[in-house]
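A structural walkthrough
What follows is each chain in one-letter form.
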Amino acid sequence: MTRYRLHVNGSRREVDLPGDTPLLWALREQLGLTGPKYGCGVGACGACTSLVDGAAVRPCVTPVSEVGRGRVTTIEGLSDHPAQRAWRELDVAQCGYCQPGQIMTTVALLARDPDPDDARIDEALRDNVCRCGTYTRIRSAVRRAARLARGEG
């Protein structure tokens, strides 16, 4: 076991884990952050998507040892982000299981591209699986979040 000092959602946190332990287990089991969901365990579904230094990553395949001094943000670390507001306004979630990952991917997208077109939205979210099939509502919410983030209410 090794002690890792992580910067998660604005706070310094410590975990004692083997270095090859996926970040997802550090977040969920050690730190009690259950927003990132376990979906596939191989980085294919996006349910666990979180941010490391603003980039969308898959904690289920990111060893805790690779995070280093990176700043980790989970859905719990957002504070009424425009994406969250858009998701609520448009009532996007059906079962909701994938939505934290969808939102975190959207946050990373909007940081890179404040006015993405549908092709960019589809490209950014193509590996985030929604088993309920709310893709049309998700795309609409990303467009709405972009407008909110630009102050276009």
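Structural notes, computed from the coordinates. (Residues numbered from 1 in each chain as written. Predicted model: local features only at pLDDT ≥ 70, side-chain atom pairs only at ≥ 80, totals over all residues. Heavy atoms only, no water.)

1. Some remarks on the overall build of the chain
Summing up its helical and strand segments, the chain has 5 helices and 5 strands in all. For the chain, the N- to C-terminal ordering of α and β elements is β-β-α-β-β-β-α-α-α-α. Along the first, second and third principal axes, the C-alpha atoms of the chain reach 45 × 30 × 25 Å. Partitioning the intrachain contacts of the chain with sequence separation of at least 6 by distance along the chain shows that 55% fall at a separation of at least 24. Counting every atom, the chain has about 7700 Å² of accessible surface; 45% of that belongs to carbon and sulfur. (Helix = DSSP H or I, 4+ residues; strand = E, 2+ residues; numbered from the N terminus. Contact = heavy atoms within 4.5 Å. Areas by Shrake-Rupley, 256 points an atom, 1.4 Å probe, with all protein chains shown as cover.)

2. Here's the deal with the packing of helix H2 (residues 82-89) against helix H3 (residues 99-112)
It is the contact of H2 with H3, at a shortest axis distance of 9 Å, that shows an interaxial angle of 130 degrees. Considered as vectors, H2 and H3 are oriented oblique to each other. Note on packing geometry: the crossing formed by H2 with H3 is right-handed. Contact with H2, carried on its side by Ala83, Gln84 and Trp87, involves Gln99, Gln102, Ile103, Thr106 and Val107 of H3 and no other residues of that element. Across the contact of H2 with H3, the residue classes break down as 4 nonpolar, 4 polar and no charged. (Axes fitted to C-alpha atoms, helices over the stretch in contact; angles between N-to-C directions. Parallel < 35°, antiparallel > 145°, perpendicular 65-115°, else oblique. Left-handed = near helix turned anticlockwise from the far one by under 90°. Nonpolar A, V, L, I, M, F, W, Y, C, P; charged D, E, K, R; others polar.)

3. Description of the pairing of strand S1 (residues 2-8)
Sheet topology places S1 next to strand S2 (residues 11-17); 7 bridges connect them, and they run antiparallel. Its bridge partner lying in S2, valine 8 is registered against serine 11. In this antiparallel pair of consecutive strands, S1 and S2, the connection spans 2 residues, and asparagine 9 shows a positive phi of 50 degrees. Two strands pair when backbone bridges link them, and S1 and strand S5 (residues 71-73) are joined in this way by 2 bridges, in the parallel orientation. Its bridge partner being in S5, valine 8 is matched across the sheet by valine 72. (Pairing = 2+ DSSP bridges.)

4. Examining the sheet that holds S5
Taken together, the 5 strands give an open sheet; going across it, the order is S2-S1-S5-S3-S4, and neighbouring strands pair in mixed fashion. In this open sheet, the two strands that pair with only one neighbour each are S2 and strand S4 (55-57). Neighbour-to-neighbour, the strand axes of this sheet turn through a mean angle of 40 degrees, independent of strand direction. In this fold H3 packs onto strand S3 (50-52), S4 and S5, with an angle of close to 40 degrees to the strand it touches most, S3.

5. Digging into the packing of H2 against helix H5 (residues 135-149)
One way to put it is that H2 packs onto H5 with a least axis distance of 8 Å and a crossing angle of 130 degrees. Classified by the angle their axes make, H2 and H5 are oblique. Helix-helix and strand crossings are classified by hand; for H2 and H5 the assignment is right-handed. Between H2, through Pro82, Ala83, Arg85, Ala86, Trp87 and Glu89, and H5, the contact on the second element is made entirely by Ile138, Ala141, Val142, Arg144, Ala145, Leu148 and Ala149. Classifying every residue of the contact of H2 with H5 gives 10 nonpolar, no polar and 3 charged.

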